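So you can see what is in the structure, the chains are spelled out below.
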Number of protein chains: 2
Amino acid sequence: MATKTHCLTPATNQECKVAQLTLQDTLDVVGGKWKLVLISILRGGKLKFRELSREAGISPRVLSKELKDLEMHDLVTRTVQDTRPITVEYELTPYSETLSDMIIAMHAWGKQHREKVIHKTVS
Amino acid sequence: MATKTHCLTPATNQECKVAQLTLQDTLDVVGGKWKLVLISILRGGKLKFRELSREAGISPRVLSKELKDLEMHDLVTRTVQDTRPITVEYELTPYSETLSDMIIAMHAWGKQHREKVIHKTVS
DNA sequence: CAGGATCCCAACCGATACTG
DNA sequence: CAGTATCGGTTGGGATCCTG
């Protein structure tokens with residue numbers, strides 16, 4: 001095949017494959033319907049389980065799973081408060097800040113895209 | 001407000017909600033398992049349906065659906081070639097370039113994250 | 001309140017076979 | 001080759017109830 005492939009950086013097909021896998025790594029960690037939304041919400045500060053559930057509009061069962069995943073990837077911390085009844089606070093880790101560029105880019109794109117769609121619809 | 005795009009400091013709940021919806025808009029368009037991978041692959045140049053299927057490791061049925069979605073959002077073009085048998089080429093639109101920042105950020109994060117995980121595992 | 005257990009439905013997705 | 005149709009497995013996720 002014609003190897004005029006041009007990925008993110010000029011590269012061989014091999015490197016293209018690697019780039020693809022790298023992208024998929026990212027999607028494995030923060031892909032899906034909720035993870036980035038939750039992280040985005042937590043950027044506003046720590047929240048309790050229930051608050052988070054309400055903010056995101058996500059059921060407890062799914063939220064619980066998502067938070068476990070995020071915790072496993074060192075993106076959020078889970079802290080049990082010694083109250084009565086107990087409450088649990090979730091907070092972003094310093095490591096989660098590495099996602100900032102991505103989130104900002106996605107947010108910017110969504111905004112831009114919405115405006116484009118509106119233009120198209122109106123015209 | 002132009003400086004801080006996120007609700008870190010004193011932002012209203014309203015603005016947080018809007019930010020969340022904007023992020024979800026993006027996820028609606030390019031979220032899921034395949035869309036960004038396909039776009040990433042097509043950055044290497046136009047490809048025929050089968051080539052794309054092989055490159056991504058995606059079944060024809062799913063690929064067909066994904067491409068329709070992408071085409072609908074003006075991210076790829078579908079061009080029928082007058083060959084025998086006919087072939088169809090898929091190519092990124094100029095508009096798809098607006099996703100560059102996002103894809104680059106995601107790629108960079110995946111790379112960085114993999115290295116971090118390796119460190120953790122080794123240590 | 002946190003979050004696990006259960007039930008159940010819908011979407012997703014892969015494999016394969018088939019048609020133009 | 002491009003793409004659809006069919007089937008069947010897997011996953012996602014909402015609702016509800018339940019316990020510590």
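Starting from 1, residues in each chain are numbered consecutively following that chain's sequence as written. All chains are assigned letters beginning with A, and all ligands numbers beginning with 1, in the order in which they are written. Predicted model: local features are reported for residues with pLDDT of at least 70 only, side-chain atom pairs are reported and counted for 80 or more only, and whole-chain, interface and lining totals are derived from all residues. As a rule here, side-chain values come from all non-hydrogen atoms in the structure, and water together with hydrogens is ignored.

Draft legend 1. Just the protein's contact with DNA strand C, in detail. Around DNA strand C sit 16 residues, and of these Arg50, Arg61, Ser64 and Arg78 of chain A together with Arg61 of chain B come closest. Considering the 4 Å shell around the protein, atoms of DNA strand C inside it are sugar or phosphate in 60% of instances. In protein, a polar contact requires one atom able to donate a hydrogen and another able to accept it; more generally it is a pair of N or O atoms within 3.5 Å, and residues adjacent in sequence count only if both atoms are side-chain atoms. In the environment of DNA strand C, a phosphate oxygen lies 2.9 Å from a nitrogen or oxygen atom belonging to the backbone of Arg50 of chain A. With respect to DNA strand C, the side chain of Lys33 of chain B contributes an N or O atom lying 3.1 Å from a phosphate oxygen. Of all the elements in the fold, those that place two or more residues in the surface near DNA strand C are α3 (49-56), α4 (60-72) and β3 (87-92) of chain A together with α4 (60-72) of chain B. Definition of nearness: a residue and a molecule or strand are near each other if at least one heavy atom of the residue lies within 4 Å of the molecule or strand. Helix numbering and strand numbering both begin at the N terminus, where a helix is a DSSP run of H or I of at least 4 residues and a strand a DSSP run of E of at least 2.

Draft legend 2. View of the nonpolar core. Residues Leu52, Leu75 and Met102 of chain A together with Leu52, Leu75 and Met102 of chain B are the most contacted members of the largest nonpolar core, which totals 60 residues. Any pair of residues with heavy atoms lying within 4.5 Å of one another is described as a contacting pair. Other than its neighbours up to four places away in sequence, Met102 of chain B contacts Ala105, Met106 and Trp109 of chain A together with Thr26, Val30 and Leu36 of chain B. We call a set of buried Ala, Val, Leu, Ile, Met, Phe, Trp, Tyr and Cys residues a nonpolar core when their side-chain atoms join them within 4.5 Å. Only protein chains enter the area calculation, which uses a 1.4 Å probe; residues under 20% of their type maximum are buried, those over 50% are exposed, and those in between are partly exposed.

Draft legend 3. Structural context of the domain arrangement of chain A. All names here are of chain A. Domain boundaries shown here were taken from an automatic or database domain assignment. The domains assigned to chain A are domain 1 (1-30) and domain 2 (31-122). Each partner contributes residues to the interface: domain 1 has five residues there, and domain 2 has nine residues. Where domain 1 abuts domain 2, roughly 480 Å² becomes buried across the two surfaces, and 68% of that area is made up of carbon and sulfur atoms. Here the quantity called buried area is the accessible surface, traced with a 1.4 Å probe, that two parts lose on coming together, added over both. Among the residues of domain 1 in contact with domain 2, Thr26, Val29 and Val30 are the three that bury the most area, contributing 90% of the side total. Whenever Lys or Arg places a side-chain nitrogen within 4 Å of a carboxyl oxygen from Asp or Glu, that contact is recorded as a salt bridge. Remark: the boundary between domain 1 and domain 2 carries zero salt bridges. Linking domain 1 to domain 2 there are one residue pair in polar contact (both at pLDDT 80 or more).

Draft legend 4. Spotlight on the sheet that holds strand β2 (residues 76-81) of chain A. All names here are of chain A. Spatially, three strands are ordered β1-β3-β2 in an open sheet, and the strand pairing comes out antiparallel. Each of the sheet's edge strands pairs with one partner strand only, and the pair in question is β1 (47-48) and β2. Any two strands with at least two DSSP-identified bridges between them are counted as paired. Where β1 lies against β3, two bridges are found, and the strand directions are antiparallel. When the bridges of β3 are listed, Lys48 appears paired with Glu89. Axis definition: a line fit to C-alpha positions, over the contact stretch in the case of helices; interaxial angles, taken between N-to-C directions, run 0 to 180 degrees. Against the sheet, helix α2 (residues 35-42) engages β1, β2 and β3, with an angle of about 95° to β3.

Draft legend 5. A look at the sheet that holds strand β3 (residues 87-92) of chain B. All names here are of chain B. The strand order across the open sheet formed by three strands is β1-β3-β2, and the pairing between neighbours is antiparallel. Both outer strands of the open sheet, β1 (47-48) and β2 (76-81), are each paired with one neighbouring strand and no more. Bridge count between β2 and β3: six bridges; the pairing is antiparallel. For Gln81, the partnering residue across the bridge sits in β3 and is Thr87. This element, helix α2 (residues 35-42), spans β1, β2 and β3 of the sheet and lies at about 95° to β3.

Draft legend 6. Structural context of the interface of chain A and chain B. Each side of the interface is counted separately: chain A has 48 residues, and chain B has 48 residues. Both faces considered, chain A and chain B share a buried interface measuring about 4,500 Å² in area, 61% of it formed by carbon and sulfur atoms. At the boundary of chain A with chain B, the tally comes to six salt bridges. In this structure, the salt-bridge partner of Lys17 of chain A is Glu55 of chain B, at a minimum N-O distance of 3.5 Å. Remark: the boundary between chain A and chain B carries 14 residue pairs in polar contact (both at pLDDT 80 or more). Where the side of chain A that touches chain B is concerned, the elements lending two or more residues are α1 (13-30), α2, α3 and α5 (100-122) of chain A. With 15 residues, the single largest contributor to the side of chain A that touches chain B is α5 of chain A.

Draft legend 7. The packing of aromatic side chains, seen in detail. All names here are of chain A. Only centres within 6.5 Å qualify two rings of Phe, Tyr or Trp (six-membered ring in Trp) as a pair; their planes then separate them into stacked at under 30 degrees, edge-to-face at over 60, and tilted for everything else. The tally for this structure, following the rule as stated, stands at four aromatic pairs over all chains. Measuring from centroid to centroid gives 6.4 Å for Phe49 and Tyr90, while their planes differ by 50°, and the two rings are tilted. Taken as a pair, Phe49 in helix α3 and Tyr90 in strand β3 lie far apart in primary sequence, 41 residues in all. Overall, Tyr90 belongs to the buried group, its relative accessible area being 7%.

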